[in-house]
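# Architecture at a glance
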Amino acid sequence: MPGPVEIPLSPEAFDWLSELIYRRSRICLGEDKRVLLASRLGQRLQSLGLATYEDYCHLLAAAGDDEVAELIDLVSTNHTRFFREPVHFELLRGILPDLARRALGAGRSLSLWSAAASSGEEAYSMAIVLAESAAERPAVGWTIEASDISRRMLDRCRMGIYELKRLQLPDGAWRGRYFLRGFGEREGLARVKPALRRRLSVRQVNLFQDRYPVPPGQDVIFCRNVMIYFDQPSRAALLARLTDQLAPGGYLFVGHTESLTGIPHTLESCGPSVYRRPG
Ligand SMILES: C[S@@+](CC[C@H](N)C(=O)[O-])C[C@H]1O[C@@H](n2cnc3c(N)ncnc32)[C@H](O)[C@@H]1O
């Protein structure tokens, strides 16, 4: 079998592609990402039978949304894990009684949103915290929206199948409580139990699309480790939209490296990369 052939990516083709990627997703690829882009797209060109990036640009211009979605899938960085930045999940557990009391007072259930969910580990980690908390005081209902721009990642989120070795959970009992172990061909894998999977409403959302299909009035939004890929004006615009999407008194969690310093906002800081809408 011949190995992959390296196709040269000219500065012009790189500029055209990075401009398209920015317009569609706000992901910024500086000139220093040229090699990275070429390494991520090379195989796609080969499988499309294309010899040059110029041909690929023509195809993207003509083929429309599906091929552009494929491109965004290939350039997005999807790294994630269960209970990443664990202090956020402890904080989530801590604020739930107050949020539940408010929701009950208003006669509604709790709404949470994992807004850059990747393959789902973050949303299922939130769901485990909610399920544990509900086992202590079962009065309030809850749902979690899990969304991402990447269709490929959302398929994995829906499946809820993960490698056992990546299932590092803070409490050893949770593996058996929330996951089914695979056997035979599925040895080494575990699947989220249906009762927890059903709690997630999984859908594709581009954080910069005109209208969000996710309802406003969210009690908690996790939008972590995605703003780092955006420029400052895009971060500011996103922050304003996420603030509007929160219920008064609702919480926004961003990644530990994503301080909101320098971005105008109306949120109160209330923990490491955790913010609250006043109210
Ligand atoms: C590094 S992962 C973060 C996953 C998870 N939030 C965490 O902290 O572990 C970043 C995710 O953001 C998604 N993403 C990038 N641009 C996006 C956009 N414009 N709208 C929605 N999701 C986007 C990527 O597809 C990727 O799955």
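Refer to the structure printed above.
Residues numbered from 1 in each chain as written. Predicted model: local features only at pLDDT ≥ 70, side-chain atom pairs only at ≥ 80, totals over all residues.

## Structural notes on the overall build of the protein chain
Along its length, the protein chain carries 10 helices and 10 strands. On C-alpha atoms alone, the protein chain measures out to a radius of gyration of 20 Å, which is about the 19 Å that the 2.2 N^0.38 rule sets for 279 residues. When its C-alpha atoms are laid out on the principal axes, the protein chain stretches across 60 × 55 × 30 Å. Within the protein chain, buried positions represent 34% of all 279 residues. A separation of at least 24 residues holds for 73% of the contacts in the protein chain among residues at least 6 apart in sequence. (Helix = DSSP H or I, 4+ residues; strand = E, 2+ residues; numbered from the N terminus. Rg over C-alpha atoms; globule rule 2.2 N^0.38 Å. Buried ≥ 20, exposed ≤ 12 C-beta atoms within 10 Å, placed from the backbone. Contact = placed C-beta atoms within 7 Å.)

## Quick look at unusual backbone geometry
The phi torsion at arginine 26 lies on the positive side, around 70°, for a residue other than glycine. Along the chain, arginine 26 turns up in the loop between helix 1 (11-25) and helix 2 (34-47). Even without being a glycine, phenylalanine 83 presents a positive backbone phi close to 50°. Given 22 C-beta atoms within a 10 Å radius, phenylalanine 83 is considered buried.

## Topic: the site of the ligand
Taken together, 24 residues lie near the ligand, and Ser76, Thr80, Ala116, Ser118 and Asn225 sit nearest. Of the residues that constitute the shell around the ligand, the class distribution is 8 nonpolar, 11 polar and 5 charged. Residue assignment places the shell around the ligand across two domains, with domain 1 (11-75) and domain 2 (87-162 + 192-276) each supplying three or more. (Near = placed C-beta within 6 Å. Nonpolar A, V, L, I, M, F, W, Y, C, P; charged D, E, K, R; others polar. Domains from an automatic or database assignment.)

## Some words on the sheet that holds strand 5 (residues 189-192)
Read from one edge of the open sheet, 3 strands run 3-5-4, paired in antiparallel fashion. The open sheet has two free edges, formed respectively by strand 3 (161-163) and strand 4 (179-181), since each of these has just one partner strand. Adjacent strand axes in the sheet meet at a mean angle of 35°, parallel and antiparallel pairs treated alike. Of the strand pairs in this sheet, strand 3 and strand 5 are connected by 3 bridges, and their pairing is antiparallel. Within the sheet, the bridge partner assigned to glutamate 163 lies in strand 5 and is leucine 189. (Pairing = 2+ DSSP bridges. Axes fitted to C-alpha atoms, helices over the stretch in contact; angles between N-to-C directions.)

## A closer look at the environment of arginine 224
Within the secondary structure layout, arginine 224 lies in the loop between strand 7 (218-222) and helix 10 (232-245). For arginine 224, a count of 25 C-beta atoms within 10 Å puts it in the buried group. For arginine 224 and arginine 166, which are 58 residues apart along the polypeptide, the C-alpha to C-alpha distance reads 19 Å. In this view, arginine 224 contacts Glu85, Ala116, Glu122, Phe253, Val254 and Gly255; residues no more than four positions away in its chain are not counted.

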